[in-house]
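Residue-level listing of the chains:
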Amino acid sequence: MWTAKAPSNIALIKYMGKQEKNIPCNVSLSYTLDNFFTEVQLNLNGKSDSDEFINDILSENEKNRFLNHLQYIKDLLSFNGYFSIRSMNSFPKSAGIASSASSFAALTMCAFKAISDVKGIKMPSQEYMSSISRIGSGSSCRSFFSPWCIWREEESKKIDLPVEVEHQLILINSGKKNISSSEAHRRVQSSLLMKNRPQRAEFRCEKLISALKSGKWHEAYQICWEEFQDMHALFETSSPHFGYILPATLDALIKIRKFWKEHNDGPIVTLDAGPNVHLLWKKGSKELHKSFYEEYDFQKFSFFGSDCNLFIANL
Ligand code: PMV
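Definitions and limits used
- Residues numbered from 1 in each chain as written.
- Predicted model: local features only at pLDDT ≥ 70, side-chain atom pairs only at ≥ 80, totals over all residues.
- Heavy atoms only, no water.
- Helix = DSSP H or I, 4+ residues; strand = E, 2+ residues; numbered from the N terminus.
- Rg over C-alpha atoms; globule rule 2.2 N^0.38 Å.
- Buried < 20%, exposed > 50% of the residue type's maximum accessible area, 1.4 Å probe, protein only.
- Contact = heavy atoms within 4.5 Å.
- Lys, Arg positive; Asp, Glu negative; His and termini not counted.
- Charge placed at Lys NZ, Arg CZ, Asp CG, Glu CD.
- Near = heavy atom within 4 Å.
- Polar contact = N/O pair within 3.5 Å; in protein donor to acceptor, adjacent residues only side chain to side chain.
- Areas by Shrake-Rupley, 256 points an atom, 1.4 Å probe, with all protein chains shown as cover.
- Nonpolar A, V, L, I, M, F, W, Y, C, P; charged D, E, K, R; others polar.
- Patch = residues over 30% accessible without salt bridge, like charges linked within 9 Å, V, L, I, M, F, W, Y side chains within 5 Å.
- Salt bridge = Lys/Arg side-chain N within 4 Å of Asp/Glu carboxyl O.
- Axes fitted to C-alpha atoms, helices over the stretch in contact; angles between N-to-C directions.
- Parallel < 35°, antiparallel > 145°, perpendicular 65-115°, else oblique.
- Left-handed = near helix turned anticlockwise from the far one by under 90°.
- Phe/Tyr/Trp six-rings, centres within 6.5 Å; stacked < 30°, edge-to-face > 60°.
- Core = buried A, V, L, I, M, F, W, Y, C linked by side-chain atoms within 4.5 Å.
- Pairing = 2+ DSSP bridges.

**A look at the overall build of the protein**
And then number 1: Scanning the protein from N- to C-terminus turns up 8 helices and 11 strands.
And then number 2: Relative to its length of 315 residues, the protein is compact, with a C-alpha radius of gyration of 20 Å against a globular reference of 20 Å.
And then number 3: Dimensions of the protein along its principal axes, counting C-alpha atoms only, are 65 × 45 × 40 Å.
And then number 4: Here the protein holds 315 residues, and 54% of them are scored as buried.
And then number 5: Once local pairs closer than 6 in sequence are excluded, the contacts in the protein between residues at least 24 apart make up 72%.
And then number 6: Of the side-chain charges in the protein, 38 are positive and 35 negative, and the distance between the mean point of each set is 2 Å.

**Notes on the site of the ligand**
And then number 1: Lining the immediate surroundings of the ligand are 13 residues, of which Y15, S139, R142, S181 and D272 lie closest.
And then number 2: S139 places a side-chain nitrogen or oxygen 2.6 Å from an oxygen atom of the ligand.
And then number 3: At 2.7 Å, a side-chain N or O of R142 approaches an oxygen atom of the ligand.
And then number 4: Isolated, the ligand exposes 380 Å² of accessible area, and the fraction of that covered by the protein chains is 92%.
And then number 5: The class makeup of the residues in the shell around the ligand is 5 nonpolar, 5 polar and 3 charged.

**Regarding a nonpolar patch on the surface**
And then number 1: There is a patch of nonpolar side chains on the surface, built from I245, L250 and I254 and spanning about 240 Å² of accessible area.
And then number 2: Relative to the helices and strands, L250 resides in helix α7 (residues 247-263).
And then number 3: Taking the relative accessible area as the measure of exposure, L250 reaches 45% and is therefore partly exposed.

**Looking at the packing of helix α5 (residues 197-213) against helix α6 (residues 217-236)**
And then number 1: Contact geometry of α5 with α6 gives a least axis separation of 9 Å together with a crossing angle of 160°. One way to sum up the angle between α5 and α6 is to call them roughly antiparallel. The hand of the α5/α6 crossing is left-handed. Counting all contacts with α5, which are made through R197, R200, R204, K207, L208, A211 and L212, the residues of α6 involved are W217, E219, A220, I223, C224, E226, E227, D230 and L234.

**Details of the packing of aromatic side chains**
And then number 1: Scanning the entire structure with this criterion turns up 19 aromatic pairs.
And then number 2: Ring geometry for Y221 and W260: centres 4.2 Å apart, planes at 10°, overall stacked. Of this pair, Y221 sits in helix α6 while W260 is found in helix α7, placing the two residues 39 residues apart along the sequence.
And then number 3: Assessed through its relative accessible area of 4%, W260 is described here as buried.
And then number 4: Pairing F259 with F292 gives two aromatic rings, centres 5.1 Å apart and planes at 80°, and the pair type is edge-to-face. Of the two residues, F259 is situated in helix α7 and F292 in helix α8 (residues 286-296); the sequence distance between them amounts to 33 residues. You'll find F259 and F292 in the same group, each marked buried.
And then number 5: Counting every residue linked through ring pairs, the aromatic cluster contains Y221, W225, F228 and W260.

**What about the pattern of salt bridges?**
And then number 1: The tally for this structure, following the rule as stated, stands at 17 salt bridges.
And then number 2: Salt bridges here are not isolated pairs; linked through shared partners, they connect R197, R200, R204, E226, E227 and D230.

**Some thoughts on the nonpolar core**
And then number 1: By size, the foremost hydrophobic cluster in this structure holds 51 residues, and its most contacted members are W148, V277 and F292.
And then number 2: Per-element accounting of this core gives the leading share, 7 residues, to α6.
And then number 3: Filtering out sequence-adjacent residues up to four positions away, F292 remains in contact with I170, K255, I256, F259, L279, W281 and F298.
And then number 4: In this structure, V40, F66, I85 and L107 belong to the second largest nonpolar core, which totals 29 residues.

**Considering the pairing of strand β8 (residues 268-271)**
And then number 1: Alternating residues of β8 divide into I268 and T270 and V269 and L271, and every residue in both groups is buried.
And then number 2: As paired strands, β8 and strand β9 (residues 277-282) are joined by 4 bridges and run antiparallel to one another. Looking at the pairing, I268 lines up with L280 of β9.
And then number 3: Taking the residues between adjacent antiparallel strands as the criterion, β8 and β9 are bridged by 5 residues.

**Some details on the side chain of R187**
And then number 1: For R187, the location among the structural elements is in helix α4 (residues 181-187).
And then number 2: Each residue touching R187, except ones within four places of it in the same chain, is listed here: I179, S238, P240, H241 and F242.

**So, unusual backbone geometry**
The general pattern is negative phi for most residues beyond glycine and trans for most peptide bonds.
And then number 1: In this structure, the amide linkage connecting S146 to the following residue, P147, adopts the cis form with an omega of -5°.
And then number 2: For the peptide bond that leads from S239 to P240, omega is -5°, which places it in the cis range.
And then number 3: Position of P240 relative to the elements: it lies in the loop between α6 and α7.
And then number 4: For E153, which is not glycine, the phi torsion reads 50° and is therefore positive.
And then number 5: Turning to its location among the elements, E153 is positioned in the loop between β5 (148-152) and β6 (155-158).
And then number 6: If you check the backbone angles, N264 has positive phi at about 50° while not being a glycine.
And then number 7: Counting through the fold element by element, N264 comes out in the loop between α7 and β8.

Below, the structure is given as structure tokens:
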């Protein structure tokens, strides 16, 4: 049996819009979420003539994407055996965190581990596995590099930033999205704002790296705010337009803005293609974030009794 574990990640500079083989239209920069990971187990299955799942946490569509990706790696390595697959998340599926990044990264690692072992060949580099994982799910290529990763065109790599952060999520809605991220990548091509989008992302990425390197936390917050608003503006100006922001999302964002104003400090905030609010606090600012949740009445949520950095807005 072979096992591999991979974390999810949250982008501060967003990947939105793609070309063939999930080559992104613009640079992105992410923080790896070590508490939110997927573990994949593969077992050789001599009795079967197809790969099959032995647990049931994925939808039919997700299962097919997973099986296609496994087949892609098997073809790449000219392997014609079959596996039984078990996949487990450390976080509730309803957490509103995309599990495709962690699950495709874990599947890619596990498939290379298993097939390299059976064939007696060397394991490929993280960089190579990341580029293969990208073909299954774009943002999964960033889950190979912790804690910070930069992804540009076909290359994703670790980037050293001298800042330690703590991630938290304010859960606004855990339901399935109406528009998948694949559909969002397609639709944003119709937005007039896509024209200079790569330049804007590149400009912000450079500014963000420099702000984080020089400890300019307020500036980093400002850049990340502009960036997620930029991505959501692409959604709202696509044809047909769509959006993920809910009244409770706006409420949380307004509270964060107010908090920053009052304390001249606070968390970096970002939204993915969804209504939930991701916060990154500077390590060592526990008192500050405690006062944030108390002042604004957010409640801690626990998963199987353990603290999983999730909060619920008490509206
Ligand atoms: O990897 P995909 O195709 O699920 O796209 C993810 C896109 C965003 O989550 C919205 C942004 C990002 O950079 O992760």
